[in-house]
Amino acid sequence: MIRGANRVNLELALRMTEAAVKQAYREGARISVAIVDDGGNLVSFQRMDGAEISGPVLARGKAYTSVALRRPTSELPALTAADGELAGLAGAGFVCFGGGLPLWSGYGETERVVGGIGVSGGTIAQDVACAEAGASAWSGR
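Quick caveat: nothing in here was measured; it's all calculated off a predicted structure. Residue positions within a chain follow its written sequence, with the count starting from 1. Confidence filtering applies because this is a predicted model: local features only for residues at pLDDT of at least 70, side-chain atom pairs given and counted only at 80 or more, and all residues used for totals across whole chains, interfaces and linings. Side-chain metrics rest on all non-hydrogen atoms present in the structure, leaving aside hydrogens and water.

Considerations on the overall build of the protein chain
Runs of E in the DSSP output that reach at least two residues are strands. Runs of H or I that reach at least four are helices, and both are numbered from the N terminus. Check the secondary structure of the protein chain and you find four helices and four strands. Counting helices and strands in the order they occur from the N terminus, the protein chain gives α-β-β-α-α-β-β-α. In this treatment the radius of gyration is a C-alpha quantity, and the globule benchmark scales as 2.2 Å times the residue count to the 0.38 power. Taking 14 Å as the expected radius of gyration for a compact globule of 141 residues, we find that the protein chain reaches 14 Å, a close match to that expectation. Dimensions along the principal axes, computed over C-alpha positions, put the protein chain at roughly 40 × 40 × 20 Å. Within the span of the protein chain, comprising 141 residues, buried residues form 45% of the whole. Taking all contacts inside the protein chain whose residues are at least 6 apart in sequence as the whole, residues at least 24 apart take part in 61%. Per-residue accessibility, obtained with a 1.4 Å probe over protein chains only, is compared with the maximum for each type, and a residue is labelled buried under 20%, exposed over 50%, and partly exposed between these values. Only heavy atoms enter the contact rule, under which two residues are in contact if any of them lie within 4.5 Å.

Laid out in structure tokens, this is it:
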């Protein structure tokens with residue numbers, strides 16, 4: 001069982017969404033941001049005024065995908081290409097472009113994914129920067 005600072009809780013998830021939104025303002029983007037736990041269940045979500053209508057679905061999908069595959073979603077375009085290691089994965093609930101990051105806990109053999117953050121609404125670079133800003137709240141917990 002994961003306890004305390006090694007799990008995604010509402011207080012921490014809210015700090016992460018806040019950090020991502022602050023970065024979006026700096027980037028000039030209007031985003032949606034989702035935080036999920038280790039089962040891909042939504043813990044926190046925010047959508048900025050004027051953000052794209054697809055953002056809620058894509059942000060949550062990026063967060064889920066990063067947890068399920070235990071990797072940043074920015075790595076997936078090459079892996080899901082026709083000749084890639086994960087060809088054919090795109091779709092079926094997986095969002096395979098940048099803006100999703102897994103949240104890791106522990107080190108070495110105890111390291112595991114305990115949640116994820118997903119951002120959508122800006123350019124891919126903006127989504128990644130906002131997700132990284134949100135994830136920094138996890139790292140600094």
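Here we look at the packing of helix H1 (residues 10-27) against helix H4 (residues 124-139)
Here, axes are lines fitted to C-alpha atoms. For helices the fit covers the stretch in contact, and angles between N-to-C directions go from 0 to 180 degrees. For the pair H1 and H4, the least separation of the axes is 7 Å and the interaxial angle reads 145 degrees. Handedness of the H1/H4 crossing: right-handed. Residues Leu12, Arg15, Met16, Ala19, Ala20, Gln23, Ala24 and Glu27 of H1 form the contact with H4, whose own contacting residues are Gln126, Ala129, Cys130, Ala133, Gly134, Ala135, Ala137 and Trp138. Residue composition of the contact of H1 with H4, by class: 11 nonpolar, three polar and two charged. Two helices cross in a left-handed way if the nearer one is turned anticlockwise from the farther one by less than a right angle. They cross in a right-handed way if the turn is clockwise. Note that Gly is not counted as nonpolar here; it falls among the polar residues with everything else outside the nonpolar set of Ala, Val, Leu, Ile, Met, Phe, Trp, Tyr, Cys and Pro and the charged set of Asp, Glu, Lys and Arg.

Section: the side chain of Thr65
Position of Thr65 among the secondary structure elements: in helix H2 (residues 55-69). Looking at Thr65, the relative accessible area reads 0%, which means it is buried. For Thr65, the side chain forms a polar contact with the main-chain oxygen of Gly61, separated by 2.7 Å. Leave out the neighbours within four places in its chain, and Thr65 touches Arg70, Thr73, Leu76, Gly93, Phe94 and Val95. N or O atoms closer than or at 3.5 Å make up a polar contact, with two conditions inside protein: a donor-capable atom paired with an acceptor-capable one, and, for residues adjacent in sequence, both atoms drawn from side chains.

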